[in-house]
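Here is how the chains run, residue by residue.
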Amino acid sequence: NLIRNGTGAAKKIHVIQPLLPDLTDSIITAPSLVAVGQPLTVVHRATNSGTGVTYPANWSDDLWLSADFIPATAGDIPLSGKNHVGVLQPGQFYNDTATVTIPVNVAPGNYVLISRVNSTHNLFESNNNNNLAFKYVTIYSPAPSDLIVENIMKPDSVFLGYPLDTARWVIKNIS
C-alpha cells in the first residue's frame, strides 16, 4: 500500500520464494556400549538435501542422551552443542565429531543418542522434520577398581639438586 505509481495507484509487488536448503542428519559412528564416566565419541554427518544454499550461513547442532526419541524432554541429558558457520551448497555435507563424557550419575540402561542439526531452527529450510539422527547405546556402570602399589624400586642414595629418574613403581588392580 505504500508503493505507488505515478498516478497514485498501488504497485504490484511480486514475491518469489528462493530455493530452500534441507538439512538432514545421520550418525556415522558411535559406540553401542559406554561406561559412565568414560568418553564417548560420535561422528555425525549433516547433508544439504535441498535445492537451495543454506541461509543464513550459521546454525547449531546438538547431541542428546535420551530415554525416548524426542530431544530436550524431561530427563534428557545434553551432551554437546556446536555452532556451524559456513555455506552449504545443495548436495554438500560436513562431518563433525563430538567427544563427550557420560556423567557418572547416569543410571545404567538402554538409551538413544540423538544428533540434531539446525537445533535452534535458525536456518530457513524446506523441511524441519528430518533433522534428527538416532543410535541406540547401552550405558553401564563398571565395577569399582581397587588399586594397590605392588612394587617400588628406588635408588639407595640420591644427590641433592640432581634429578631422581630411577624411581619406578608397579600398580596392580586387585578388584
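Please read all numbers here as calculations on a predicted model, not as lab measurements.

1. Some remarks on the pattern of salt bridges
Taken as a whole and judged by the stated rule, the model has 3 salt bridges. Of the charged contacts in the structure, one is a salt bridge between Lys82 and Asp96, with a shortest N-O distance of 3.2 Å. Linking Lys82 in strand 5 (residues 77–85) with Asp96 in strand 6 (residues 93–101), this pair joins segments that are 14 residues apart in sequence. Salt-bridge contacts for Lys172 lead to Glu150; the nearest nitrogen and oxygen are separated by 3.6 Å.

2. Description of the sheet that holds strand 8 (residues 132–140)
Backbone hydrogen bonds hold the strands of a sheet together, and the pairing may be parallel or antiparallel. Taken together, the 5 strands give an open sheet; going across it, the order is 2-8-7-4-5, and neighbouring strands pair in mixed fashion. Looking at the sheet topology across the chains shown, the edges are occupied by strand 2 (33–35) and strand 5. Looking at each pair of strands side by side, their axes are set apart by 25° on average, direction ignored. Note that strand 7 (residues 109–117) and strand 8 share 8 bridges and pair antiparallel. From the neighbouring strand, Ile114 faces strand 8, where its bridge partner is Phe134.

3. Considerations on unusual backbone geometry
The peptide bond linking Tyr55 to Pro56 adopts the cis configuration, its omega dihedral lying at -5°. Summarising the element assignment, Pro56 is placed in the loop between strand 3 (39–48) and strand 4 (58–66). The phi torsion at Asn118 lies on the positive side, around 55°, for a residue other than glycine. Tracing the backbone shows Asn118 in the loop between strand 7 and strand 8. Even without being a glycine, His121 presents a positive backbone phi close to 55°. The class of His121 is partly exposed, set by a relative accessible area of 48%.

4. Focus on the sheet that holds strand 3
Sheet architecture is open: 3 strands sit in the order 1-3-6, paired in antiparallel fashion. Unpaired on one side and paired on the other, strand 1 (23–29) and strand 6 mark the two borders of the sheet. If you compare each strand with its neighbour and ignore which way they point, the axes differ by 30° on average.

5. With respect to the pairing of strand 4
Of all 9 residues making up strand 4, 8 are buried, and the element is well covered by its neighbours. With 8 bridges connecting them, strand 4 and strand 5 associate as antiparallel partners. Bridged to Trp59 within strand 5 is His84. When strand 4 meets strand 7, the two strands line up antiparallel, connected through 6 bridges. Across the sheet, the residue bridging to Asp61 is Val117, located in strand 7.

6. A word on the environment of Val42
By the secondary structure assignment, Val42 is in strand 3. Distance in space between the C-alpha atoms of Val42 and Leu147 is 31 Å, their sequence separation being 105 residues. The contacts of Val42, once residues within four sequence positions are left out, are Ile27, Thr29, Ala30, Leu63, Asp96, Thr97, Ala98 and Leu113.

Definitions and cut-offs
- Residues numbered from 1 in each chain as written.
- Predicted model: local features only at pLDDT ≥ 70, side-chain atom pairs only at ≥ 80, totals over all residues.
- Heavy atoms only, no water.
- Salt bridge = Lys/Arg side-chain N within 4 Å of Asp/Glu carboxyl O.
- Helix = DSSP H or I, 4+ residues; strand = E, 2+ residues; numbered from the N terminus.
- Pairing = 2+ DSSP bridges.
- Axes fitted to C-alpha atoms, helices over the stretch in contact; angles between N-to-C directions.
- Buried < 20%, exposed > 50% of the residue type's maximum accessible area, 1.4 Å probe, protein only.
- Contact = heavy atoms within 4.5 Å.

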